[in-house]
Amino acid sequence: MKAKDSIYLKLKEIVEKSGNDVTYKDFISFDLLGVHYSYTPGTIRNNFSVLRREGKIELVCRSPIAFYTLAGLKYEKGMTYRYRGVQNKIVDFYIKVFKIHGLNDPAIHDIRLKFNIPDIHSILPSIKSNLITNIDKISNKDITLKDIPLKDIIVKTTVHHSNNVTVMIACSENPIPFNSMGLSTLTSALTRVEERLQRELDTYYQNKLDETNEYDCNNGLFKVPHHMSWTVAMWHFGQDSSLGLSGKTFDINWNEVHELYHIYLKKRKKQQ
């Protein structure tokens with residue numbers, strides 16, 4: 001049997017029996033109708049291209065790994081989540097990643113988030129913030145803040161010259177379970193960062209008022225963005241660096257991470 005035909009029949013079998021999309025990894029070695037087949041990644045991708053041109057399969061999403069399904073297959077309602085007003089099946093993509101890598105109970109670690117606070121890079125030195133541990137005056141001018149050590153994680157914060165703030169949750173030795181308790185732990189850590197940065201901004205604002213002999217509370221001019229709006233710029237799933245995702249294609253905010261968990265949980269229950 002030709003490679004194209006065996007790959008198509010196996011793809012059809014996988015999709016119809018399991019409802020899952022496929023990647024080239026499903027065809028490196030497989031059995032079909034009592035015969036064993038094995039192909040190189042290049043051969044598989046070439047035949048995927050041929051099958052797409054013939055209208056037999058279609059691309060579901062492209063990421064570090066591409067997912068395919070049968071042409072014209074209708075998705076269930078649970079597969080129609082969209083973000084930022086574009087047709088980006090990012091939630092579905094993450095769930096597919098969990099499946100393809102066998103992450104039935106995924107854990108996450110070394111998470112990097114980012115957000116922007118106007119003038120924060122100049123504000124912290126001006127108030128001689130005791131949070132500052134280092135200022136790079138030679139190259140990137142990054143301001144490194146004191147770590148926040150928690151039970152199994154360390155929270156690192158860096159303020160860049162662009163006034164972007166990067167928060168890294170380092171926990172590669174103790175990945176956080178991707179469940180309600182794990183998300184609660186991480187959200188608590190982000191809250192700590194938000195609160196201590198807000199205290200620094202409040203100090204700066206109060207100093208401004210004292211200089212002008214005025215009395216007022218922070219009226220919102222100096223506010224740290226709520227941690228639920230921070231963008232997840234990178235995260236790793238599983239142990240160590242077995243699977244890492246980053247780049248604008250995969251950016252979601254922390255609130256959407258919670259939504260992703262609830263959708264993932266719903267899909268897992270549906271499969272059981």
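The shown structure was predicted, so the numbers you read here are calculated from the model rather than taken from an experiment. (Residues numbered from 1 in each chain as written. Predicted model: local features only at pLDDT ≥ 70, side-chain atom pairs only at ≥ 80, totals over all residues. Heavy atoms only, no water.)

S.K.: Explain the pairing of strand 9 (residues 154–159) to me, please; I cannot follow it from the model alone.
M.R.: The two faces of the sheet receive side chains in turn, since in a regular strand these alternate between them. The pairing of strand 7 (residues 143–145) with strand 9 spans two bridges and is classified as antiparallel. Among the inter-strand pairings, isoleucine 143 is bridged to a residue of strand 9, identified as valine 159. Pairing of strand 8 (residues 148–149) with strand 9, which is carried by two bridges, proceeds in the antiparallel orientation. Bridge pairing in strand 9 links proline 149 to isoleucine 154. Two successive antiparallel strands, strand 8 and strand 9, enclose a turn made up of four residues. Pairing analysis gives six bridges linking strand 9 to strand 10 (residues 164–170), with the strands arranged antiparallel. Paired with isoleucine 154 across the two strands is alanine 170, which belongs to strand 10. Between strand 9 and strand 10, which pair antiparallel one after the other, the connecting turn spans four residues, and asparagine 163 there sits at a positive phi close to 75 degrees. (Pairing = 2+ DSSP bridges. Helix = DSSP H or I, 4+ residues; strand = E, 2+ residues; numbered from the N terminus.)

S.K.: In this structure, what is going on with a nonpolar patch on the surface? I would like to understand it.
M.R.: Residues Met1, Leu9 and Leu33 make up a contiguous nonpolar surface patch of roughly 330 Å² in combined accessible area. Locating methionine 1 in the fold gives a position in the segment before helix 1 (3–18). For methionine 1, a relative accessible area of 54% gives the class exposed. (Patch = residues over 30% accessible without salt bridge, like charges linked within 9 Å, V, L, I, M, F, W, Y side chains within 5 Å. Areas by Shrake-Rupley, 256 points an atom, 1.4 Å probe, with all protein chains shown as cover. Salt bridge = Lys/Arg side-chain N within 4 Å of Asp/Glu carboxyl O. Buried < 20%, exposed > 50% of the residue type's maximum accessible area, 1.4 Å probe, protein only.)

S.K.: Would you explain the pattern of salt bridges in this entry?
M.R.: One side chain can pair with another of opposite charge once the charged atoms of both are near each other. Scanning the entire structure with this criterion turns up five salt bridges. Between glutamate 54 and lysine 4 there is a salt bridge, with its nearest N and O atoms 2.9 Å apart. Here glutamate 54, found in the loop between helix 2 (41–53) and strand 3 (57–61), pairs with lysine 4, found in helix 1; they are 50 residues apart in sequence, far enough to count as distant. Within this structure, Lys4, Glu54 and Lys56 form a network of salt bridges that share partners.

S.K.: Even after reading the chapter, I still don't get helix 1, so can you show me in this structure?
M.R.: For an α-helix, the turn length of 3.6 residues means that residues three or four places apart are oriented alike. The terminal C-alpha atoms of helix 1 lie 22 Å apart, and with 16 residues this matches the ideal 22 Å at 1.5 Å per residue to within 8%. The complete set of buried residues in helix 1 reads Ala3, Ser6, Ile7, Tyr8, Lys10, Leu11, Ile14 and Val15. Following helix 1 by one or two positions, glycine 19 adopts a phi angle in the positive range, close to 80 degrees. (Expected span 1.5 Å × (residues − 1).)

S.K.: Even after reading the chapter, I still don't get the packing of helix 1 against helix 2, so can you show me in this structure?
M.R.: The description of two packed helices rests on the angle between their axes and on the distance between the axes. Close contact between helix 1 and helix 2 brings their axes to 10 Å; oriented N to C, the two are set at 80 degrees. Classified by the interaxial angle, the pair formed by helix 1 and helix 2 is roughly perpendicular. When helix 1 is examined against helix 2, the residues Ala3, Lys4, Ile7, Tyr8 and Leu11 are found in contact with a partner set consisting of Ile44, Asn47, Phe48, Val50 and Leu51. Tallied by class, the residues present in the contact of helix 1 with helix 2 amount to eight nonpolar, one polar and one charged. (Axes fitted to C-alpha atoms, helices over the stretch in contact; angles between N-to-C directions. Parallel < 35°, antiparallel > 145°, perpendicular 65-115°, else oblique. Contact = heavy atoms within 4.5 Å. Nonpolar A, V, L, I, M, F, W, Y, C, P; charged D, E, K, R; others polar.)

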